[in-house]
Amino acid sequence: MIIRLKVFIPVVLLLSLITLFILYRMDAWLKENLESSISLITKTKTDITSLKLSLVNSSLTIRKLEVASKSDEFKNSIEFEDIIFDFQTLPLLRKRVVVDNFSIKGVQWGTARKTSGKLPPEPIKKSEPSWISDLTDEAMDSLKKEMEEVPVGKLFEFRIPENPREIVESLQLKSLEAYKNTVIQGQNIRSGWDARLKDMRGMSEFETQINLVRNALQNVPSNPGEIVNRVKTVQTAMDFFQSEKKKAEAMVGDAKSDLQRIQTVVDGANEALQSDWQRLSEMVSLDQLNMNNFSRLLFGPEWINRAENILKYHKLLRQMMAKSSSKDDVQIRPRAKGRDIIFIAEKVQPSFVLAKSEFSVKGLEGGNRKNVNQYFELKVQDLNSSPKLYGKPTTVDFKAQFKEEKIAEAYLNMFWDYTKDIPKDSYKAGAERLNAADWPMGIPRLFPLKISKGFADTRSELEFTGEEMKWVNRIDFKAVDWDFSEVPNQGIIIPLLKDVFAKVKDFQLTLQLKRTGERLSLGIESDLDKLIQAGLSAAIEKRFHEFKDRMRKDLDARVSIAKKQAMAQLSAFQSEVENSVSDYVAKSTNYIQEANSAKESLERKAKEGVTSEVKKSLPKIKLPKF
Amino acid sequence: MFVVIKTVHSILKLLNSETSPWQIAAGVAFGFIVGLTPLTSLHNLILFLLVCLLRVNFSAFFISMAVFKIVGWLLDPVWDSFGYWLLVDLKPARSFWIEMTTGPLLPFFRFNNTVVMGSLSVALILFVPLFIGAALGIRVYRYRYRDRIRDSKLVKVLQATPLWGMYQKYEAAKARFGL
């Protein structure tokens, strides 16, 4: 016979026993796996008192889940009383977990542990995994580098100078050069004018010509012919004056334009003097401390480290949820052996689904059910393992209220849409009355400024569309006290800062991290900057003012000779060239008028002479009387 | 070395025995499938039950499984590529694969894994030829080569080595203690 039952039956029995053993050990196996999985994320020990999986009741009950604290190994950071999952049994045959209901009963914080919550040290990893992509890693590195280059050292090194001459001499004065240049240019223009003025007919020529005119008016003869000769002489003088006037008028235009040129150069030198003063003033100001963005220095480095961690978790989530291949109809997941192909089709369903769950948890004080001091609400919708198969986005809304705690109220809204090729997700979180002392700030070792007391109300919005990211955090600090105990008390700025910070109780801070294309930018704005700058300026202004007065005098003294020469050049040009050319024009005009009147007088006399000559030459005729 | 001698001896003993060639061939063919595909796959449990139920030679099954396990491990990248081609690139078979991966209990067989699919497909295609080939091969060996190999110089030299003597003593001891 082809079949041998003698072997088959014992083997089937053996396999059945193995199956029963597995089912019997399933709870322990699940418990261990769950503990190690949570520990992997929290990096502290996780303990579960008991775990019961019931296929008959389709439920999984976890009793007392404790997550140890990172800071205190004998305390739990959180402890859940009962966690219950109600799932469907039939989908299990299709290797799917469909959770109908999920609830948590009772939560406590900071409870004591019986055993240490420390995990054995992990082997040191050689390299950190990339958090979004190589390009973003580079962008994050450059941001961190920028944070390292923040001139915190200047706060300690800053001094108010004592010798103004040293500062003035250390600067290459542009104004000095400009004034010297003005003198040289003025001299060049002036020498050109000297030659032109030389080429002009002298005043003696004018005098000769006007004397001829005046002589023509002396002892005027009665003979019209002689008078006409004198008119000709006057006309010649007039032509001379008009021609000279035209020349002089042309020179007036040139002189004005040259004067304008010299004036422009002088103005430039004056501006250079102003710019030199500006530069000197900047050397003796708070601007060199970059106090206009002090909040960037104060809150940037620590926050960027925390932000990087959060973005790493986000990347992990995306890797799990939004993994997709270049082919649209399949998803490919790498496995230890080969790859699992998940077909995107109507018939295919995700292996894990939690369609809807809504529950609230009460936080108990000292484990006493009567003393409820916290209240939590959680709404989960369409949580699943393969969003593309499921086709609906996931939402998780969490709300917490605390009584007599540091935090008054907190919320977290998460939205994941990994159903399409470009994944989108957004997170909104907020908390009121956070302990301001817990807020990450300062630069370790270099400038470890902290907040010792106070509250912070915070709102955070993080949005991802594909690889684009925008993260805006707004924090309102209230009633804060500053802790300078670890900041080295050096230089003059730090003691002043202590006084200024002591007056700052309320301020707001906005941190914005944005990734566009390959660029990652961090913007930090705060009204703290203005408050600090105003406070420091007020404290140091008087000392700066006195020093600046002395420095101004020193600067003026240094450029005074060159400046005087330049101004003298300008006034000399004005008085000598422009005035002499103007005089020339005026004199020509006057002489033209004098010659013209002389000419008119002579012409009149010539006319009278001609008339009398004509009268004399005519016969005396007696006209009849009517 | 001892293990190699033992294995070779077992193979020769099996081939020279009076066991039906079909039973040995079935062992080789089933061992071929289990060896070639990932051991922990669910289909291997069914195959093992089949081997127990049917009159299949266990020695042939385990020897074949061990030999083809090495071959299968070496050819993992080939199974991965072939499985990927079958599951992703072979569009006409898509609806069949969807049925094979979504039906009740079927997801536990991990047919959507490229290595499982690649190696199992090749193993199933070659199962019948290997089964018939092995059976015919054993017959040919028994009729034509068995006596020649038994009387060959190589076997005699092998039997003259101290290692062979030690092995014989080991076998005798086993027989004496009923192991």
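> If you had to explain the overall build of chain B to someone new, which residues and values would you point to?
Along the backbone of chain B there are nine helices and zero strands. Walking chain B from its N terminus toward its C terminus, one meets helices and strands in the order α-α-α-α-α-α-α-α-α. In terms of C-alpha radius of gyration, chain B reaches 20 Å, well past the compact-globule figure of 16 Å for 179 residues. If one aligns the C-alpha atoms of chain B with their principal axes, the spans along those axes are about 60 × 35 × 30 Å. Sorting the 179 residues of chain B into buried and exposed places 42% on the buried side.

> Summarise the overall build of chain A; cite the residues concerned and give the values.
A count of helices and strands for chain A gives 12 helices and 15 strands. Of all 626 residues assigned to chain A, the portion counted as buried reaches 40%. Considering only contacts within chain A whose residues lie at least 6 apart along the sequence, 68% involve residues at least 24 apart.

> Can you explain helix α9 (residues 294–321) of chain A? Please cite residues and give values.
Here α9(A) is 28 residues long and its end C-alpha atoms lie 40 Å apart, about the 40 Å a rise of 1.5 Å per residue gives. Of all the bends in α9(A), the largest measures some 45° and sits at Gly300(A), one to four residues before the proline Pro301(A).

> Describe the packing of helix α5 (residues 76–89) of chain B against helix α7 (residues 114–150) of chain B, and please don't skip the residues or the numbers.
Residue and element names in this part refer to chain B. Where α5 contacts α7, the axes come no closer than 7 Å and their chain directions differ by 95°. Taken together, the axes of α5 and α7 are roughly perpendicular relative to one another. Residues Asp76, Trp79, Asp80, Phe82, Gly83, Tyr84, Leu86 and Leu87 of α5 form the contact with α7, whose participating residues are Thr114, Val115, Met117, Gly118, Ser119, Ser121 and Val122. Residues belonging to the contact of α5 with α7 are distributed by class as follows: eight nonpolar, five polar and two charged.

> Report on the pairing of strand β2 (residues 59–68) of chain A, specifying residues and quantitative values.
Residues and elements named next belong to chain A. In terms of burial, β2 is largely enclosed, as eight of its 10 residues are buried. Inspection of the sheet shows strand β1 (residues 46–54) paired to β2 by eight bridges, in the antiparallel sense. For leucine 53, the partnering residue across the bridge sits in β2 and is leucine 60. Turn length for the β1-β2 hairpin, with the two strands adjacent in sequence and antiparallel, is four residues, and the turn residue serine 58 shows positive phi of about 50°. The pairing of β2 with strand β3 (residues 76–87) spans nine bridges and is classified as antiparallel. Pairing of alanine 68 across the sheet is with asparagine 76, part of β3.

> Account for the packing of aromatic side chains, with residues named and values stated.
Residue and element names in this part refer to chain A. The tally for this structure, following the rule as stated, stands at 28 aromatic pairs over all chains. Relative to phenylalanine 507, the ring of phenylalanine 477 has its centre 4.6 Å away and its plane inclined at 15°; by these criteria the two rings are stacked. With phenylalanine 477 in strand β13 (residues 468–483) and phenylalanine 507 in strand β14 (residues 507–516), this pair connects stretches of sequence that are 30 residues apart. Classification of phenylalanine 477 as buried rests on a relative accessible area of 1%. Aromatic ring contacts, followed pair by pair, group Phe299, Trp439, Phe477, Trp482, Phe484, Phe501 and Phe507 into a single cluster. Lying over the aromatic face of phenylalanine 455, arginine 433 brings its terminal NZ or CZ to 3.7 Å of the ring centre.

> Please provide a residue-by-residue account of the environment of Lys156(B), values included.
Residues and elements named next belong to chain B. Position of lysine 156 among the secondary structure elements: in helix α8 (residues 153–160). Residue lysine 156 is classed as partly exposed on the basis of its relative accessible area, which comes to 49%. Sequence-wise, lysine 156 and glutamine 168 are 12 residues apart; in three dimensions their C-alpha atoms are separated by 14 Å.

> Could you give an account of the nonpolar core, with specific residues and numbers?
Taken as a class, soluble globular proteins show a tendency for nonpolar side chains to be buried jointly. Formed by 97 residues in total, the largest nonpolar core has its most connected members in Phe447(A), Phe477(A) and Trp482(A). The greatest single-element share of this core, amounting to 11 residues, is contributed by helix α12 (residues 527–617) of chain A. When residues of this core are sorted by domain, at least three fall in each of domain 1 (47–120 + 327–417) and domain 2 (164–287 + 557–615) of chain A. Setting aside chain neighbours within four positions, we find Phe477(A) in contact with Phe299(A), Ala436(A), Trp439(A), Ile451(A), Phe455(A), Ala456(A), Lys505(A), Asp506(A), Phe507(A) and Leu509(A). Formed by 36 residues, the second largest nonpolar core is a distinct cluster that contains Ile342(A), Phe32(B), Ala93(B) and Phe127(B).

> An account of the interface of chain A and chain B is requested, with residue identities and associated values reported.
Taken together, the 28 residues of chain A in the interface contact 33 residues of chain B. Regarding the contact of chain A and chain B, the summed buried area is about 2900 Å², with carbon and sulfur atoms giving 60% of it. In terms of surface lost to chain B, no three residues of chain A exceed Arg4(A), Lys337(A) and Phe343(A), which account for 24% of the buried area on that side. At the boundary of chain A and chain B, one finds two salt bridges. Where chain A touches chain B, the interface holds 13 residue pairs in polar contact (both at pLDDT 80 or more). Counting residues per element, the ones that place at least two in the side of chain A that touches chain B are α1 (5–42), α2 (90–93), β5 (330–334) and β6 (339–343) of chain A. Of the residues forming the side of chain A that touches chain B, the biggest block, six residues, is contributed by α1(A). Class assignment for the residues of the side of chain A that touches chain B results in 17 nonpolar, one polar and 10 charged.

> Describe in detail the side chain of Asp425(A), supporting the description with residues and values.
Residue and element names in this part refer to chain A. Within the fold, aspartate 425 resides in strand β11 (residues 424–435). Exposure remark for aspartate 425: the relative accessible area of 2% places this residue in the buried category. A distance of 2.6 Å separates polar atoms of two side chains, one belonging to aspartate 425 and the other to histidine 314. Within the structure, the side chain of aspartate 425 is placed 2.5 Å from the side chain of tyrosine 418, a separation counted as a polar contact. Those residues in contact with aspartate 425 that sit more than four places away from it in its chain are His314, Arg318, Phe415, Trp416, Tyr418, Leu462, Glu463 and Phe464.

> Can you lay out a nonpolar patch on the surface for me, pointing to particular residues and giving the numbers?
Residue and element names in this part refer to chain B. Residues Val67, Ile70, Val71, Trp73, Leu74, Leu75 and Val78 make up a contiguous nonpolar surface patch of about 660 Å² in total accessible area. Looking at which element gives the most residues to the nonpolar patch, the answer is helix α4 (residues 58–74), with five residues. Assignment of secondary structure puts tryptophan 73 in helix α4.

> How would you explain unusual backbone geometry if you had to name every residue and give the values?
Residue and element names in this part refer to chain A. Phi is positive for asparagine 219, which is not a glycine, with a value near 40°. Position of asparagine 219 among the secondary structure elements: in the loop between α7 (203–217) and α8 (224–283). Residue class for asparagine 219 comes out exposed when judged on its relative accessible area of 69%. You will see that aspartate 382, though not glycine, has its phi angle at about 60°, which is positive. You can see aspartate 382 is positioned in strand β8 (residues 368–384). With relative accessibility at 10%, the residue aspartate 382 sits in the buried group.

> Hey, could you go over the packing of helix α2 (residues 21–36) of chain B against α7(B) for me, with residue numbers and the actual values?
All names here are of chain B. As a packed pair, α2 and α7 sit with axes 8 Å apart at the nearest point and diverge in direction by 150°. Here α7 runs roughly antiparallel to α2, going by the angle between their axes. Judged by the twist between their axes, the crossing of α2 over α7 is right-handed. A class-by-class count of the residues in the contact of α2 with α7 yields 22 nonpolar, one polar and two charged.

Parameters at a glance
Residues numbered from 1 in each chain as written. Chains lettered and ligands numbered in written order. Predicted model: local features only at pLDDT ≥ 70, side-chain atom pairs only at ≥ 80, totals over all residues. Heavy atoms only, no water. Helix = DSSP H or I, 4+ residues; strand = E, 2+ residues; numbered from the N terminus. Rg over C-alpha atoms; globule rule 2.2 N^0.38 Å. Buried < 20%, exposed > 50% of the residue type's maximum accessible area, 1.4 Å probe, protein only. Contact = heavy atoms within 4.5 Å. Expected span 1.5 Å × (residues − 1). Bend = angle between axes of the 7 residues up to and from the residue. Axes fitted to C-alpha atoms, helices over the stretch in contact; angles between N-to-C directions. Parallel < 35°, antiparallel > 145°, perpendicular 65-115°, else oblique. Nonpolar A, V, L, I, M, F, W, Y, C, P; charged D, E, K, R; others polar. Pairing = 2+ DSSP bridges. Phe/Tyr/Trp six-rings, centres within 6.5 Å; stacked < 30°, edge-to-face > 60°. Lys NZ or Arg CZ within 6 Å of the ring centre and 35° of its normal. Core = buried A, V, L, I, M, F, W, Y, C linked by side-chain atoms within 4.5 Å. Domains from an automatic or database assignment. Buried area = accessible area lost by both parts, 1.4 Å probe. Salt bridge = Lys/Arg side-chain N within 4 Å of Asp/Glu carboxyl O. Polar contact = N/O pair within 3.5 Å; in protein donor to acceptor, adjacent residues only side chain to side chain. Patch = residues over 30% accessible without salt bridge, like charges linked within 9 Å, V, L, I, M, F, W, Y side chains within 5 Å. Areas by Shrake-Rupley, 256 points an atom, 1.4 Å probe, with all protein chains shown as cover. Left-handed = near helix turned anticlockwise from the far one by under 90°.

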